[in-house]
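Reading the structure
Listed below are the residues making up each chain.
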Amino acid sequence: MNKNNRLLEIKELKVSINENTILNNLNLTVNKGEIHAIMGPNGSGKSTFSKIVAGHPAYSVLKGDILFKGLSILELSPEERSHLGIFLAFQYPIEIPGVSNEDFLRLAYNSKQQFYNKPEVDPIEFLEIISQKLEFVNMSPIFLNRNVNEGFSGGEKKKNEILQMILLDSELSILDETDSGLDIDALKIISNGINKFMNKDKSIILITHYQRLLDYINPTYVHVMQDGKIIKTGSFELAKELEDKGYEWLK
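On a predicted model such as this, the values are computed, not experimentally measured, just so you know.

**Quick look at the layout of surface pockets**
One number sums up the size of the largest pocket: a volume of about 920 Å³. Phe87, Leu88, Phe90, Phe104 and Gln164 are the residues nearest the centre of the largest pocket, which is lined by 33 residues in total. Sorting the residues of the lining of the largest pocket by element identifies α1 (46-54), α2 (78-84), β6 (86-89), α3 (101-115) and α5 (154-168) as the ones contributing at least two each. For the lining of the largest pocket, the per-class residue count stands at 17 nonpolar, 10 polar and six charged. Empty space within the second largest pocket amounts to approximately 160 Å³. Along the walls of the second largest pocket sit 13 residues, with Gly55, His56, Tyr59, Leu74 and Arg81 positioned nearest its centre. Residue assignment for the lining of the second largest pocket shows that the elements contributing at least two residues are β4 (60-68) and α2. A class-by-class count of the residues in the lining of the second largest pocket yields eight nonpolar, three polar and two charged.

**Things to note about the sheet that holds strand β2 (residues 20-31)**
Pairing within the open sheet is antiparallel, and its four strands lie in the order β2-β1-β4-β5. Where the open sheet ends on each side, the last strands, each with one partner, are β2 and β5 (71-72). As judged from the eight bridges shared by strand β1 (residues 6-17) and β2, these two strands associate in the antiparallel manner. Across the sheet, residue Ser16 finds its bridge partner in β2, namely Thr21.

**Some thoughts on α3**
Helix length check: α3 (15 residues) gives 21 Å between terminal C-alpha atoms against 21 Å at 1.5 Å per residue, within 8%. Among the residues of α3, those classed as buried are Asn101, Glu102, Leu105, Arg106, Tyr109, Asn110, Lys112 and Gln113. Looking straight down α3, one finds that the buried residues subtend no more than 155 degrees of arc, so they occupy a single side. Every exposed residue of α3 that faces more than 90 degrees away from the buried side is listed here: Leu107 and Gln114. Along its buried surface, α3 packs onto α2, β7 (96-100), α4 (123-134), β8 (147-148) and α5.

**Looking at the side chain of Lys112**
Mapped onto the elements of the fold, Lys112 is located in helix α3. Although Lys112 is buried, it forms no salt bridge, and the closest oppositely charged side chain is Glu171 at an N-O distance of 6.3 Å. For Lys112, the residues in contact, after removing those within four places along its chain, are His83, Leu168 and Asp169.

**Digging into helix α6 (residues 184-197)**
With 14 residues, α6 should cover 20 Å at 1.5 Å per step; its first-to-last C-alpha distance of 20 Å lies within 8% of that length. Taken together, the buried positions of α6 are occupied by Ala186, Leu187, Ile190, Ser191, Gly193, Ile194 and Phe197. Relative to the axis of α6, the buried residues are bounded by an arc of 160 degrees and lie together on one face. If you follow the buried residues of α6, they end up packed against α5, β9 (172-176), β10 (203-207) and α7 (212-216).

**Observations regarding the pairing of strand β12 (residues 229-234)**
Bridge count between strand β11 (residues 221-226) and β12: five bridges; the pairing is antiparallel. Within β12, the residue paired with His223 across the bridge is Thr233. Connecting the antiparallel pair β11 and β12 is a turn made up of two residues, with Asp227 showing a positive phi of about 50 degrees.

**Details of the packing of aromatic side chains**
By the definition in use, this model includes three aromatic pairs. Both rings, one in Tyr109 and one in Phe126, keep their centres 6.0 Å apart while their planes meet at 55 degrees; by these two values the pair is tilted. Pair noted here: Tyr109 is in helix α3 and Phe126 is in helix α4, with a separation of 17 residues, a long-range link. Judged on exposure class, the residue Tyr109 and its partner Phe126 are both buried. Considering the side-chain rings of Phe115 and Tyr116, the 5.0 Å spacing of their centres and the 85 degrees angle between planes classify their relative orientation as edge-to-face. Since its relative accessible area comes to 36%, Phe115 is described here as partly exposed.

**Description of unusual backbone geometry**
Although it is not a glycine, Asn117 sits at a positive phi angle of roughly 55 degrees. On the secondary structure map, Asn117 appears in the loop between α3 and α4. Within the chain, Asp227 stands out as a residue other than glycine whose phi angle is a positive 50 degrees. With respect to the helices, strands and loops of the structure, Asp227 is situated in the loop between β11 and β12.

About the cut-offs
Residues numbered from 1 in each chain as written. Predicted model: local features only at pLDDT ≥ 70, side-chain atom pairs only at ≥ 80, totals over all residues. Heavy atoms only, no water. 1 Å grid on protein atoms, 1.4 Å probe; cavity = no way out; pocket = protein on both sides within 12 Å on 5 of 7 lines; lining within 4 Å. Points joined across faces, edges and corners; volume = space filled by probe spheres on them. Helix = DSSP H or I, 4+ residues; strand = E, 2+ residues; numbered from the N terminus. Nonpolar A, V, L, I, M, F, W, Y, C, P; charged D, E, K, R; others polar. Pairing = 2+ DSSP bridges. Expected span 1.5 Å × (residues − 1). Buried < 20%, exposed > 50% of the residue type's maximum accessible area, 1.4 Å probe, protein only. Arc of directions from axis to C-beta. Contact = heavy atoms within 4.5 Å. Lys, Arg positive; Asp, Glu negative; His and termini not counted. Salt bridge = Lys/Arg side-chain N within 4 Å of Asp/Glu carboxyl O. Phe/Tyr/Trp six-rings, centres within 6.5 Å; stacked < 30°, edge-to-face > 60°.

Any functional reading would require information beyond the geometric quantities listed.
So this is what it looks like as structure tokens:
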């Protein structure tokens with residue numbers, strides 16, 4: 001594999017919070033055009049992994065490195081990581097009272113434009129841009145006038161996260177249990193939006209407990225995380241095996 005195709009490299013990563021080791025010598029390489037699913041029991045370090053890649057300040061990196069497009073990002077802020085092309089969709093998206101979805105999305109878009117010394121867009125220009133993106137997740141323009149996630153259903157919150165990902169055109173998207181709390185219709189819509197967004201220059205990491213998401217989004221690799229490290233890697237067949245057997249057989 002050409003090194004230029006590598007988006008993310010996790011090397012011997014050891015991470016703690018409050019003196020508790022959460023990730024322990026974790027290794028992972030994600031290339032362009034790949035979808036990686038990370039599965040594992042509760043408390044195995046999956047969500048922690050996503051926060052650390054995104055730059056959450058609460059965690060201490062004791063050892064190892066995180067490379068994005070060949071460069072270490074350990075010293076970069078979450079904002080800088082986002083502008084470079086890393087996106088994290090939260091498991092539990094928060095509500096932001098008093099801030100309209102349209103203003104929030106436009107500010108995020110213009111922040112990235114500013115980072116790359118590109119012109120910012122005004123509200124009218126932005127409306128044209130976001131209207132096309134709404135179709136990806138089957139969202140009504142009405143949602144732009146509502147406050148961020150306020151009064152949104154679980155499915156609407158998750159759609160809003162995927163809308164942000166599509167708008168920011170992120171190269172590496174980490175989706176933390178995007179399927180949790182979704183009914184089958186919302187799951188299909190969100191999966192369809194993710195599949196349309198994905199291409200040979202992007203990569204996606206799906207963190208999930210259930211095979212059902214992987215029925216709609218075909219992973220290149222499935223990893224099992226346990227005790228803060230990846231203990232097994234396989235194809236989609238591994239996800240089906242986990243659905244049938246659980247995780248005990250891997251110990």
